[in-house]
Amino acid sequence: MDLQRKGLSVPLVLASESSFLPHLNLYGFRNFQSLGVEPVDHDVLKQPPRNVKEPMITMHLIGNVILSASIIIAGTLYVFVKEMSDNLVTPRDTTMTFTCFVFFDMFNALSCRSSLKSVFTIGLFTNRAFLVAVSLSIVGQLMVIYVPMLQAVFLTEALTLHDLLFLAALTSTVFVASEVKKFIERWMRRRRPPLYSTFDDQNIV
């Protein structure tokens, strides 16, 4: 289906997959909701109090959002353009594109478990609710791809193991980029001199 019949030359690739949106939103909601039960980080007690004048949405947070969003958009568009090289919209094209988006969502949620610490430091298996949410999301996506009845509903096509490995490798880049960014930020914090001296340092007789 495309818009050429209406005088436009842009293919309407997303129209046939509008039924994907409900389960995509459910996946994202389930994953990020599970982050609300992330185990308490005891190192937060070692940090100085937050400046009350500092906004809740900081430049650091905005930078993280822009970084992850840029990678997700670029990666998803890359898959879309790659699959649309024949200028024909097929179930495989849309399946690859939306599976790419879902996998990006999984890895992005994993990187969001901590804004500074590495996931490998806090532990991959310390948040059981998150593991259950991600597992259910992956199982649901695979069912949409491989169960014939759901294929007919969502207009999907079975992907090969090579396709899945390719998508997993591509979408993991948002996680790798986040881990590298957090590593650099931790390194810079360790090299940064303290802004304030302690009371005892200032009053040594």
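A word on the overall build of the chain. Within the chain one finds 9 helices and 0 strands. Shown N-terminal to C-terminal, the secondary structure of the chain runs as helices and strands in the order α-α-α-α-α-α-α-α-α. In the chain, which comprises 205 residues, the proportion classed as buried is 35%. For the chain, restricting intrachain contacts to residue pairs at least 6 apart in sequence, the fraction spanning at least 24 positions comes to 75%. Approximately 13700 Å² of the chain is accessible, and the part contributed by carbon and sulfur atoms is 69%.

All right, on to the side chain of Glu185 then. Examined against the element boundaries, Glu185 turns out to sit in helix H8 (residues 173–191). Not counting residues within four places of it along the chain, the set of residues in contact with Glu185 comprises His60, Ser115 and Leu116.

This part is about the confidence of the model for the chain. On average, the chain scores 77 in pLDDT, and the residues at 70 or more come to 71%. Ranking the elements of the chain by mean pLDDT puts helix H9 (residues 199–202) last with 39 and helix H7 (residues 161–171) first with 96. Counting interchain partners and residues more than four positions distant, the pLDDT-below-50 stretch residues 1–31 has 50 contacts. This stretch, residues 195–205, has a pLDDT under 50; its non-local contacts, to residues over four places away or in other chains, come to 1 contact.

For the structure shown, the criterion picks out 1 aromatic pair. Here the aromatic rings of Phe120 and Phe175 are separated by 6.0 Å at their centres, their planes lie at 75°, and the arrangement is edge-to-face. Placement of Phe120 in helix H4 (residues 119–122) and of Phe175 in helix H8 is noted, with a sequence separation of 55 residues between them. Judged by relative accessible area, which is 56%, Phe120 ranks as exposed. Using a relative accessible area of 10% as the deciding quantity, one classes Phe175 as buried. Above the plane of the ring of Phe166 lies Lys82, whose end atom (NZ or CZ) is 5.1 Å from the centre.

Looking now at the pattern of salt bridges. Taken as a whole and judged by the stated rule, the model has 5 salt bridges. A salt bridge links Lys82 to Glu83, with the shortest nitrogen-to-oxygen separation between them at 3.7 Å. Overall, Lys82 belongs to the partly exposed group, its relative accessible area being 39%. The class of Glu83 is buried, set by a relative accessible area of 8%. The salt bridge involving Asp163 is made with Arg92; its shortest N-O contact spans 2.8 Å. With a gap of 71 residues between them, Asp163 in helix H7 and Arg92 in helix H3 (residues 91–111) connect regions that are remote in the sequence. A residue is classified by how much of its surface remains accessible, and Arg92, at 25% relative accessible area, is partly exposed. One salt-bridge network, in which partners are shared between bridges, spans Lys82, Glu83, Arg92 and Asp163.

A general trend in soluble globular proteins is that nonpolar side chains are found buried together. The biggest cluster of nonpolar side chains holds 21 residues, and the ones touching the most others in it are Val79, Cys100, Phe104, Leu159 and Leu167. Secondary structure elements with two or more residues in this core: helix H2 (59–83), H3, helix H5 (128–146), H7 and H8. In contact with Leu167, not counting residues within four places along its chain, are Val79, Met96, Thr99, Cys100, Phe103 and Leu159.

For the rest of this paragraph, the subject is the environment of Ala109. Mapping Ala109 onto the fold places it in helix H3. In this structure, the C-alpha to C-alpha distance between Ala109 and Val174, residues 65 residues apart in sequence, is 9.9 Å.

What follows concerns the side chain of Thr95. Along the chain, the position of Thr95 falls in helix H3. Of the residues examined, Thr95 reaches a relative accessible area of 1% and is grouped as buried. Of note is the side chain of Thr95, whose polar atom sits 2.6 Å from the backbone oxygen of Pro91. Beyond its immediate stretch of four places on either side in the chain, Thr95 contacts Ile145, Leu155, Thr156, Glu157 and Leu159.

The rules behind each value
Residues numbered from 1 in each chain as written. Predicted model: local features only at pLDDT ≥ 70, side-chain atom pairs only at ≥ 80, totals over all residues. Heavy atoms only, no water. Helix = DSSP H or I, 4+ residues; strand = E, 2+ residues; numbered from the N terminus. Buried < 20%, exposed > 50% of the residue type's maximum accessible area, 1.4 Å probe, protein only. Contact = heavy atoms within 4.5 Å. Areas by Shrake-Rupley, 256 points an atom, 1.4 Å probe, with all protein chains shown as cover. pLDDT = per-residue confidence, 0-100. Phe/Tyr/Trp six-rings, centres within 6.5 Å; stacked < 30°, edge-to-face > 60°. Lys NZ or Arg CZ within 6 Å of the ring centre and 35° of its normal. Salt bridge = Lys/Arg side-chain N within 4 Å of Asp/Glu carboxyl O. Core = buried A, V, L, I, M, F, W, Y, C linked by side-chain atoms within 4.5 Å. Polar contact = N/O pair within 3.5 Å; in protein donor to acceptor, adjacent residues only side chain to side chain.

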